[in-house]
Amino acid sequence: MVLENVTKRFSNIIAVNDVSLKIEKQDFFTLLGPSGCGKTTTLRLIAGLEFPDEGNIYIAGKNVTMELPKNRNVAMVFQNYALYPHMTVRENIAYPLVVRKIPKREIDRKVAFVAQSLQISELLDRYPQQISGGQQQRVALARAVIQTPNVFLLDEPLSNLDAKLRIEARSFLKRLSMELGTSVIYVTHDQSEAMALSTKIAVMNQGRILQVGTPKEVYDKPMNTFVASFIGNPPMNIIDCLFVGTKCVLGDQIIDFSDLPLIDFPSKKAFIGIRPEHVTLDTKDGDLIGEIYVVEPLGFETIVTVSVNGKPLKVLVFEDVSFKSGDKIFVKFKRNKLHIFDENGVRIRRRDE
Ligand code: ATP
């Protein structure tokens, strides 16, 4: 499935701006980005519920840019499931096959099979309002899965579930997609969901794709400060600084980065990027000095916020901490995990990558 320079405008809003993507058959491909960045519109363009102003869309090798949804063989699951309330679970699941006039015996066999694999066989004769939200979500998925489409399009299908059920459903969805072997295009604004589920993530902002990569690539080598600070929880610390040669100036503190193998050092304003798990705290020495702002124990890990030059820096600590707000503390950055972004927020590559 390919999107080639696709643009979609709604009067003066450019919802999708020159988007090109290639999605392979086994991909669990996630469109990730903040509200309003164009994720749903991209999915609707693929489904044929919208038509692009520019560009082409190919599904299974065929140009479907202007085809109606019924000619695309895609299955879509929306945020709100959209089950038919007057139909039983069985009728809901069977519906896509009934409209295609598939023989009843074959429909019965397929419904029984998907219901069993989704563990909803005992719910088949109930109505949607007689089952829980999580069960409704499985029914919506069953209705999609029964179609053997070219591609599954899932728009925040887990967003109505509570936190616990959401994590269970997430594992289930990942397993299901691996078993089906059909490409999935998934929309979410939840970075942890994207990281957990995807084979590839496309990070979007303002209608544009900023980066496409595996979860590890976008996490370890974010191309710019937007991607860096959108992925990770807590997200990457992005610190303003000034470079003079290999020396980095932050207020009245200086760090010497001459040991950092950057292909090029920025000549003036720049940003340091460091993930909270790659900062260590030390009472004796370090790269910068700051003051403990607040300590938040979460059970397994603790988030320590340190105020450095009056700006917050998040640190993840995996052992017990005895610091108190107001304590003076040094922070030390793991050199091989440090990112430098130029004045436009674009990451500067290292010679060793
Ligand atoms: P969310 O996560 O909030 O669902 P999204 O990333 O899916 O957001 P879209 O729904 O694709 O974003 O919207 C992208 C932009 O296009 C937004 O500015 C939105 O207001 C606008 N938009 C979407 N649909 C329409 C429409 N039918 N008419 C006018 N503007 C629209």
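Every chain is numbered on its own, with residues counted from 1 as its sequence reads. Reporting in this predicted model follows two pLDDT cut-offs: at least 70 for local features of residues, and 80 or more for side-chain atom pairs to be given and counted; totals over whole chains, interfaces and linings ignore these cut-offs and use all residues. Only hydrogens and water are set aside; all other atoms, that is, all heavy atoms of the structure, feed into the side-chain values.

Caption draft 1: Local environment of the sheet that holds strand 2 (residues 13–22). Read from one edge to the other, the open sheet built from 4 strands follows the order 2-1-4-5, with strand pairing classed as antiparallel. Where the open sheet ends on each side, the last strands, each with one partner, are strand 2 and strand 5 (62–63). Here, strands pair whenever DSSP counts at least two bridges between them. Helix and strand assignments follow DSSP, with helices taken as H or I runs no shorter than four residues and strands as E runs no shorter than two, numbered in order from the N terminus. Sheet topology note: the strand 1 (residues 2–10)/strand 4 (residues 54–59) ladder contains 4 bridges and is antiparallel. If you follow Thr7 over to strand 4, its bridge partner there is Glu54. Here helix 1 (residues 39–47) sits on the sheet and contacts strand 1, strand 2 and strand 4; the angle it forms with strand 1, its principal contact strand, is near 115 degrees. Residues are treated as being in contact if the distance between any of their heavy atoms lies within 4.5 Å. Lines fitted to C-alpha atoms define the axes, with helix axes restricted to the stretch in contact, and inter-axis angles between N-to-C directions lie between 0 and 180 degrees.

Caption draft 2: Seen up close, the packing of aromatic side chains. For Phe, Tyr and Trp, where Trp contributes only its six-membered ring, two rings pair if their centres lie within 6.5 Å, and the inter-plane angle classes them as stacked under 30 degrees, edge-to-face over 60, or tilted in between. Summed over the entire model, instances satisfying the criterion amount to 6 aromatic pairs. Centroid distance Phe243 to Phe265: 6.1 Å. Interplanar angle 45 degrees. Geometry classified as tilted. Of the two residues, Phe243 is situated in strand 11 (residues 237–244) and Phe265 in the loop between strand 13 (253–256) and strand 14 (269–274); the sequence distance between them amounts to 22 residues. We call a charge positioned over a ring when the NZ of a Lys or the CZ of an Arg lies within 6 Å of the ring centre and within 35 degrees of the ring normal. The lysine or arginine in question, Arg275, covers the ring of Tyr219, its NZ or CZ lying 3.8 Å from the ring centre.

Caption draft 3: Examining the domain arrangement of the protein chain more closely. Domain ranges listed in this record stem from an automatic or a database domain assignment. One can read the domain layout of the protein chain as domain 1 (2–229) and domain 2 (238–341). Distance between the C-alpha centres of domain 1 and domain 2: 39 Å. Listed per partner, the contact involves 8 residues of domain 1 and 6 residues of domain 2. Two parts placed together each lose some accessible area under a 1.4 Å probe, and the buried area is that loss summed for both. For the pairing of domain 1 and domain 2, the buried interface totals around 610 Å² over both sides, and the portion due to carbon and sulfur atoms is 59%.

Caption draft 4: Geometry of the nonpolar core. Buried residues of nine kinds, namely Ala, Val, Leu, Ile, Met, Phe, Trp, Tyr and Cys, make up a nonpolar core once their side-chain atoms join them within 4.5 Å. Throughout this description, buried means an accessible area under 20% of the type-specific maximum (1.4 Å probe, protein chains only), exposed means over 50%, and partly exposed covers the range between. In this structure, Ile93, Ile120, Leu154, Leu173 and Tyr186 are the most contacted members of the largest nonpolar core, which totals 35 residues. At the level of elements, strand 6 (74–77), helix 2 (89–98), helix 3 (104–117), helix 4 (133–145), strand 7 (151–155), helix 5 (163–180) and strand 8 (183–188) are the ones that each hand at least two residues to this core. Residue contributions to this core peak at 6 residues, all from helix 4. What Ile93 contacts, discounting residues up to four positions off in sequence, is Val111, Val114, Ile120, Leu124, Val139, Ala142, Arg143 and Ile146. If you look at the next biggest cluster of nonpolar residues, it comprises 28 residues, including Ile239, Ile274, Val315 and Ile340.

Caption draft 5: Summary view of helix 1. Most of helix 1 is tucked away, with 7 of its 9 residues classed as buried. All buried positions along helix 1 are accounted for by Lys39, Thr41, Thr42, Leu43, Leu45, Ile46 and Ala47. The positive-phi residue at the C-terminal boundary of helix 1 is Gly48, with phi of around 90 degrees.

Caption draft 6: Representation of the site of the ligand in the model. One heavy atom within 4 Å of a molecule or strand is enough for the residue carrying it to be called near that molecule or strand. Surrounding the ligand, one finds Phe10, Ile13, Ala15, Pro34, Ser35, Gly36, Cys37, Gly38, Lys39, Thr40 and Thr41. In the model, an oxygen atom of the ligand is placed 2.6 Å from a nitrogen or oxygen of the Ser35 side chain. Polar contact is the term for a pair of N or O atoms within 3.5 Å; when the atoms are in protein, one must be able to donate a hydrogen and the other to accept it, and sequence-neighboring residues count only if both atoms are side-chain atoms. Backbone polar atom of Gly38 to an oxygen atom of the ligand: 3.0 Å apart, as the coordinates give it. When the ligand is considered free in solution it has 630 Å² of accessible area, and contact with the protein chains removes 60% of it. Those elements that place two or more of their residues in the shell around the ligand are strand 2 and helix 1. Take the shell around the ligand: its biggest share by element is 3 residues, from helix 1. Here the residues of the shell around the ligand sort into 5 nonpolar, 5 polar and 1 charged. The method behind every accessible area is Shrake-Rupley, applied with a 1.4 Å probe, and residues are considered shielded solely by the protein chains displayed. Gly is put with the polar residues, along with every residue not named as nonpolar or charged; the nonpolar set is Ala, Val, Leu, Ile, Met, Phe, Trp, Tyr, Cys and Pro, and the charged set is Asp, Glu, Lys and Arg.

Caption draft 7: Structural view of helix 5. To estimate the expected span of a helix, count its residues, drop one, and scale the result by 1.5 Å. Compared with the 26 Å implied by 1.5 Å per residue over 18 residues, the 26 Å span of helix 5 between its first and last C-alpha is a close match. Of all the residues in helix 5, the buried ones are Arg166, Ala169, Phe172, Leu173, Leu176 and Ser177. All buried residues of helix 5 lie within an arc of 135 degrees about the axis, which places them on one face of the element. Away from the buried face of helix 5 by more than 90 degrees, exposed residues Lys164, Arg175, Met178 and Glu179 are located. Buried residues in helix 5 make contact with strand 3 (28–32), helix 3, helix 4, strand 7, strand 8 and helix 6 (191–197). Looking at the residues trailing helix 5, positive phi occurs at Gly181, about 65 degrees. Relevant arc is that of directions from the helix axis to the C-beta atoms, nothing else.

Caption draft 8: Representation of the pairing of strand 16 (residues 288–297) in the model. Here strand 16 runs beside strand 19 (residues 328–333); their pairing, made up of 4 bridges, is antiparallel. For Leu288, the partnering residue across the bridge sits in strand 19 and is Val331. Hairpin remark: strand 16 followed by strand 17 (residues 302–308), antiparallel, with 4 residues in the connecting loop; positive phi at Gly299, about 100 degrees.

Caption draft 9: Focus on a nonpolar patch on the surface. Think of a patch as exposed residues, more than 30% relative accessible area, with no salt bridge, where like charges cluster within 9 Å and nonpolar side chains (Val, Leu, Ile, Met, Phe, Trp, Tyr) cluster within 5 Å. What counts as a salt bridge is simple: a side-chain nitrogen of Lys or Arg found within 4 Å of a carboxyl oxygen of Asp or Glu. Where nonpolar side chains cluster on the molecular surface, the patch consists of Tyr84, Tyr95 and Val99 and spans about 240 Å² of accessible area. As for its placement among the helices and strands, Tyr95 is situated in helix 2.

Caption draft 10: Expanded view of the sheet that holds strand 9 (residues 200–205). Strand order in the open sheet made by the 6 strands is 6-7-8-3-9-10, with mixed pairing throughout. The strands lining the two open edges of the sheet, one partner per strand, are strand 6 and strand 10 (208–213). On average, each strand axis in the sheet is tilted by 20 degrees relative to the strand beside it, whichever way the strands run. Taken together, the 5 bridges between strand 9 and strand 10 define a ladder with antiparallel strand orientation. By the bridge assignment for strand 10, Asn205 is matched with Arg208. Packed onto the sheet, helix 4 meets strand 6 and strand 7 and runs at close to 175 degrees relative to strand 6.

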